[in-house]
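Architecture at a glance
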Amino acid sequence: MKTMTCKQLGGACDKEFRASSFEEIAEMSKQHGMEMFQIKDEPHLKAMDKMGELMQKPEEMKAWFENKKKEFDDLPED
Ligand SMILES: [Zn+2]
């Protein structure tokens, strides 16, 4: 298992997610993001705005995703 925080995954808080694959951790962070969206948490809404802009540009989104995946792969197992 590896650990990444909401912030490291493009979010806004220090909540930690633990998973054994990047796809899994990305999904957890997405679920958390949707919960924060529903309660209209300001910092998360801002972070999501930024991610939304990134998603408009598939090349940049792909680069961001690959970068994060590499960051995840480089983490030590805990
Ligand atoms: Zn968060």
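Going by the structure above, here's the rest.
Here goes a summary of the coordinates provided. (Residues numbered from 1 in each chain as written. Predicted model: local features only at pLDDT ≥ 70, side-chain atom pairs only at ≥ 80, totals over all residues. Heavy atoms only, no water.)

1. Observations regarding the packing of helix α1 (residues 22-38) against helix α2 (residues 42-55)
As a reminder, the rule being used: Angles here are taken between N-to-C directions and fall from 0 to 180 degrees, while the axes themselves are lines fitted to C-alpha atoms, restricted in helices to the stretch in contact. To qualify as a helix, a DSSP run of H or I must reach at least 4 residues; to qualify as a strand, a run of E must reach at least 2; elements of each kind are numbered from the N terminus. Under this scheme an angle from 65 to 115 degrees is roughly perpendicular, one under 35 degrees roughly parallel, and one over 145 degrees roughly antiparallel; angles in between are oblique. Helix crossings are classified by the rotation of the near helix relative to the far one: an anticlockwise turn of less than a right angle makes the crossing left-handed, while a clockwise turn makes it right-handed. Here a residue-residue contact requires only that any non-hydrogen atoms of the pair lie within 4.5 Å. Throughout, the ten residues Ala, Val, Leu, Ile, Met, Phe, Trp, Tyr, Cys and Pro are labelled nonpolar, Asp, Glu, Lys and Arg are labelled charged, and all others, Gly among them, are labelled polar.
Taken N-terminus to C-terminus, the directions of α1 and α2 make an angle of 120°; their axes are 8 Å apart at the nearest point. The orientation of α1 with respect to α2, classified from their angle, is oblique. In terms of crossing hand, the pair formed by α1 and α2 is left-handed. Residues H32, G33, M36 and F37 of α1 form the contact with α2, whose own contacting residues are H44, L45 and M48. Looking at the contact of α1 with α2 residue by residue, the classes come out as four nonpolar, three polar and no charged.

2. So, the packing of aromatic side chains
To keep it simple, the criterion reads: A pair of aromatic rings is counted whenever rings of Phe, Tyr or Trp (Trp by its six-membered ring) have centres within 6.5 Å, and the orientation is called stacked for planes under 30 degrees apart, edge-to-face for over 60 and tilted otherwise. Any residue under 20% of the maximum accessible area for its type is buried, any over 50% is exposed, and the rest in between are partly exposed; the area is computed with a 1.4 Å probe on protein chains only. A ring is scored as having a charge over it whenever the NZ atom of a lysine or the CZ atom of an arginine sits within 6 Å of its centre and within 35 degrees of its normal.
The final tally for this structure, using the stated rule, is two aromatic pairs. With a centroid separation of 5.0 Å and 75° between ring planes, the pair formed by F22 and F65 is classed as edge-to-face. Here F65 lies in helix α3 (residues 58-74) and F22 lies in helix α1, a separation of 43 residues in the sequence. A relative accessible area of 2% means that F22 is categorised as buried. Residue classification places F65 among the partly exposed residues on the basis of a relative accessible area of 34%. Taken together, F22, F65 and F72 form an aromatic cluster joined through their ring pairs. Over the face of the ring belonging to F72 we find K2, whose NZ or CZ atom lies 5.4 Å from the ring centre.

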